[in-house]
Amino acid sequence: MILALDGSSIDGTAYTDVVRLAQRSPGWLDDAVSLWTTFGLALFAAFMLVSWWRARRIGADAAMTALAVPVVVVIAYGVNMCLKLAVREDRPCQSLHVQTLEACPAPGDWSFPSNHAAIAAASAMALVFVSRRLGAVAVLAAVAMGASRVWVGAHYPHDVVAGVIVGGLVALAAMLVLRQRSQALARWLAGWRLGALLLTA
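None of these values were measured; they are calculated from a predicted model.

Undergrad: In this structure, what is going on with the state of the cysteines? I would like to understand it.
TA: In a disulfide, the sulfur atoms of two cysteines are held together by a covalent bond. Following the criterion strictly, the structure yields one disulfide and no others. Between the sulfur of Cys93 and that of Cys104 lies a disulfide, 2.2 Å long from S to S. Measuring handedness by torsion sign, the sulfur bridge of Cys93 and Cys104 sits at about 85 degrees and is right-handed. Residue Cys93 is located in helix α5 (residues 92-96), and its partner Cys104 is located in the loop between α5 and α6 (115-128); the two are separated by 11 residues in the primary sequence.

Undergrad: Mind showing me how you'd approach a nonpolar patch on the surface here?
TA: Together, Val71, Ile75, Val79 and Leu83 make up an exposed nonpolar region whose accessible area comes to about 290 Å². For Ile75, the position within the fold is in helix α4 (residues 60-87). Classification of Ile75 by relative accessible area gives partly exposed; the value is 43%.

Undergrad: What is the right way to look at the pattern of salt bridges in this model?
TA: Opposite charge on two side chains permits them to pair, given that their charged atoms come into close proximity. Enumeration over the complete set of coordinates arrives at two salt bridges. For Arg91, the salt bridge is made with Asp109, and the minimal N-O distance between the two is 2.9 Å. One end of the pair, Arg91, is in the loop between α4 and α5; the other, Asp109, is in the loop between α5 and α6, and 18 residues separate them in sequence. Looking at Arg91, the relative accessible area reads 7%, which means it is buried. We note a salt bridge from Glu102 to Arg149, for which the minimum N-O separation is 3.2 Å. Taken together, the positions of Glu102 in the loop between α5 and α6 and Arg149 in helix α7 (residues 132-151) put the pair 47 residues apart, joining distant regions of the chain.

Undergrad: Would you mind going over unusual backbone geometry with me for this structure?
TA: A negative phi angle is the norm for most residues apart from glycine, just as the trans form is the norm for most peptide bonds. Following Phe112, the chain continues into Pro113 via a peptide bond in cis, with omega recorded as -10 degrees. Topologically, Pro113 is positioned in the loop between α5 and α6. For Arg88, which is not glycine, the phi torsion reads 55 degrees and is therefore positive. Tracing the backbone through its elements, the reader meets Arg88 in the loop between α4 and α5.

Conventions adopted
Residues numbered from 1 in each chain as written. Predicted model: local features only at pLDDT ≥ 70, side-chain atom pairs only at ≥ 80, totals over all residues. Heavy atoms only, no water. Disulfide = S-S within 2.5 Å. Helix = DSSP H or I, 4+ residues; strand = E, 2+ residues; numbered from the N terminus. Patch = residues over 30% accessible without salt bridge, like charges linked within 9 Å, V, L, I, M, F, W, Y side chains within 5 Å. Areas by Shrake-Rupley, 256 points an atom, 1.4 Å probe, with all protein chains shown as cover. Salt bridge = Lys/Arg side-chain N within 4 Å of Asp/Glu carboxyl O. Buried < 20%, exposed > 50% of the residue type's maximum accessible area, 1.4 Å probe, protein only.

In structure tokens, the structure reads:
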């Protein structure tokens with residue numbers, strides 16, 4: 001038997017209030033939030049593609065920074081998953097036995113921190129280093145993603161906050177390091193076939 005933590009004592013009441021509000025909300029709103037929480041991460045991938053395409057017109061350094069964004073997001077996801085496996089917090093729908101918009105995951109699918117929130121936050125933070133305007137839009141999308149995870153009943157609020165912190169901090173640290181070495185990395189990549197990704201449009 002796997003022993004898992006119960007996070008309901010932290011903000012279980014707030015979680016329950018949100019889930020109950022979702023149950024009383026118009027169907028179109030619930031459908032929209034469910035659609036966003038399921039497919040919204042694809043928008044961040046589109047942001048990354050757009051940022052790279054625009055960065056190519058600026059120069060090799062900018063393109064190198066844009067190309068690093070998905071790598072940084074993968075790193076943030078890996079760190080977040082390590083925390084999940086270390087903490088092993090049960091999903092709120094398992095601990096509180098409430099009806100949720102999203103089907104309750106099976107036991108062993110840990111809740112803390114939220115992967116969706118970490119990925120969204122890491123994407124937004126990294127994109128700020130490429131384009132402040134696009135990064136600002138990504139930040140708003142990340143906030144919406146985090147909120148949607150509580151609305152559909154997948155996570156406690158503290159799961160989302162922790163995911164945002166993990167994703168944001170990992171991306172910030174990685175992008176700061178990259179910014180100091182972007183020229184060297186661009187020269188290194190230019191020596192390979194992938195160097196074509198740095199060419200200006």
